[in-house]
Amino acid sequence: MARTLYVGNLPWSTQAEELAEIFSAYGEVLSSRIIVDRQTGRSRGFGFVEVRDEDAEPMVRALNGAEYGGRVLVVNEARERQQSRPRR
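Not measured: the values here are computed from a predicted model.

Draft legend 1. Inspection of the packing of aromatic side chains at higher detail. By the definition in use, this model includes three aromatic pairs. On the numbers, 5.8 Å between centres and 35° between planes, the contact of Tyr6 with Phe46 is tilted. Residue Tyr6 is located in strand E1 (residues 2–8), and its partner Phe46 is located in strand E3 (residues 43–52); the two are separated by 40 residues in the primary sequence. The partly exposed category is assigned to Tyr6, whose relative accessible area is 27%. Residue Phe46 is classed as buried on the basis of its relative accessible area, which comes to 18%. The ring of Trp12 has Arg71 lying over it, and the distance from NZ or CZ to the ring centre is 5.6 Å.

Below, the structure is given as structure tokens:
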């Protein structure tokens, strides 16, 4: 099984590969992605990392509140996406 972790307060320049590298020190990373603004293509300052179920808790404990790129990371288990209104 896999779990998805939310990673917030990332430096704007962070790439998905860097995010995977940070987390791989604490377990197996299955995938990582940085969320970008649709109009500008710039990072929105957060992303998601998919990890093995057994690695999720140690990663959250190790990295939530850790400093990266001069910013304090927010790491927790991702919540299910809420249905949003259709865009016009």
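Draft legend 2. Looking closely at the sheet that holds strand E6 (residues 74–77). In spatial order, the strands read E2-E3-E1-E6; together these four strands make up an open sheet with antiparallel pairing. In this open sheet, the two strands that pair with only one neighbour each are strand E2 (29–36) and E6. Taken over all neighbouring pairs, the strand axes of this sheet differ in orientation by 20° on average, direction set aside. Across the sheet, helix H1 (residues 16–24) lies against E1, E2, E3 and E6, angled at about 140° from E2, the strand it touches most.

Draft legend 3. Broad picture of the nonpolar core. Counting 16 residues, the largest nonpolar core has Leu5, Val7, Leu19, Phe23 and Val75 as the members making the most contacts within it. Listed by contribution, the elements that provide at least two residues to this core are E1, H1, E3 and helix H2 (53–63).

Draft legend 4. Highlighting the pattern of salt bridges. This model, assessed by the stated rule, comprises six salt bridges. A salt bridge links Asp53 to Arg3, with the shortest nitrogen-to-oxygen separation between them at 3.3 Å. Of this pair, Asp53 sits in helix H2 while Arg3 sits in strand E1, placing them 50 residues apart in sequence. A relative accessible area of 33% means that Asp53 is categorised as partly exposed. Classification of Arg3 as buried rests on a relative accessible area of 18%.

Draft legend 5. Seen up close, H2. Looking only at H2, the buried set comprises Asp55, Ala56, Met59, Val60 and Leu63. Looking straight down H2, one finds that the buried residues subtend no more than 135° of arc, so they occupy a single side. Of the surrounding elements, those touching the buried residues of H2 are E1, H1, E2, E3 and E6.

Draft legend 6. Up close: the environment of Gly27. Mapped onto the secondary structure, Gly27 falls in the loop between H1 and E2. Counting along the chain gives 32 residues from Gly27 to Met59, while the straight-line C-alpha distance between them is 7.4 Å. Beyond its immediate stretch of four places on either side in the chain, Gly27 contacts Asp55 and Met59.

About the cut-offs
- Chains are numbered independently. Their residues run from 1 in the order of the written sequence.
- The predicted nature of this model means local features are confined to residues of pLDDT at least 70 and side-chain atom pairs, given and counted, to a pLDDT of 80 or more, with totals for whole chains, interfaces and linings taken over all residues.
- Based on all heavy atoms of the structure, the side-chain values leave hydrogens and waters out of the count.
- Two aromatic rings from Phe, Tyr or Trp, using only the six-membered ring of Trp, form a pair when their centres are within 6.5 Å; if the ring planes differ by under 30 degrees the pair is stacked, by over 60 it is edge-to-face, and anything between is tilted.
- For helices the rule is a DSSP run of H or I covering at least 4 residues; for strands it is a run of E covering at least 2, with both sets numbered from the N terminus onward.
- Each residue's exposure class comes from its accessible area (1.4 Å probe, protein chains only) as a fraction of the maximum for that residue type: buried when under 20%, exposed when over 50%, partly exposed otherwise.
- We call a charge positioned over a ring when the NZ of a Lys or the CZ of an Arg lies within 6 Å of the ring centre and within 35 degrees of the ring normal.
- One bridge is not enough; two strands pair if DSSP finds at least two bridges between them.
- Lines are fitted to the C-alpha atoms to define the axes, a helix being fitted only along its stretch in contact, and any angle between axes, read from their N-to-C directions, falls within 0 to 180 degrees.
- Residue contacts are counted whenever heavy atoms from the two residues lie within 4.5 Å of one another.
- Working definition of a nonpolar core: buried Ala, Val, Leu, Ile, Met, Phe, Trp, Tyr and Cys residues. They are joined through side-chain atoms within 4.5 Å.
- The term salt bridge refers to a pairing of a side-chain nitrogen on Lys or Arg with a carboxyl oxygen on Asp or Glu at a separation within 4 Å.
- Working note: the arc is built from the helix axis to C-beta atom directions.

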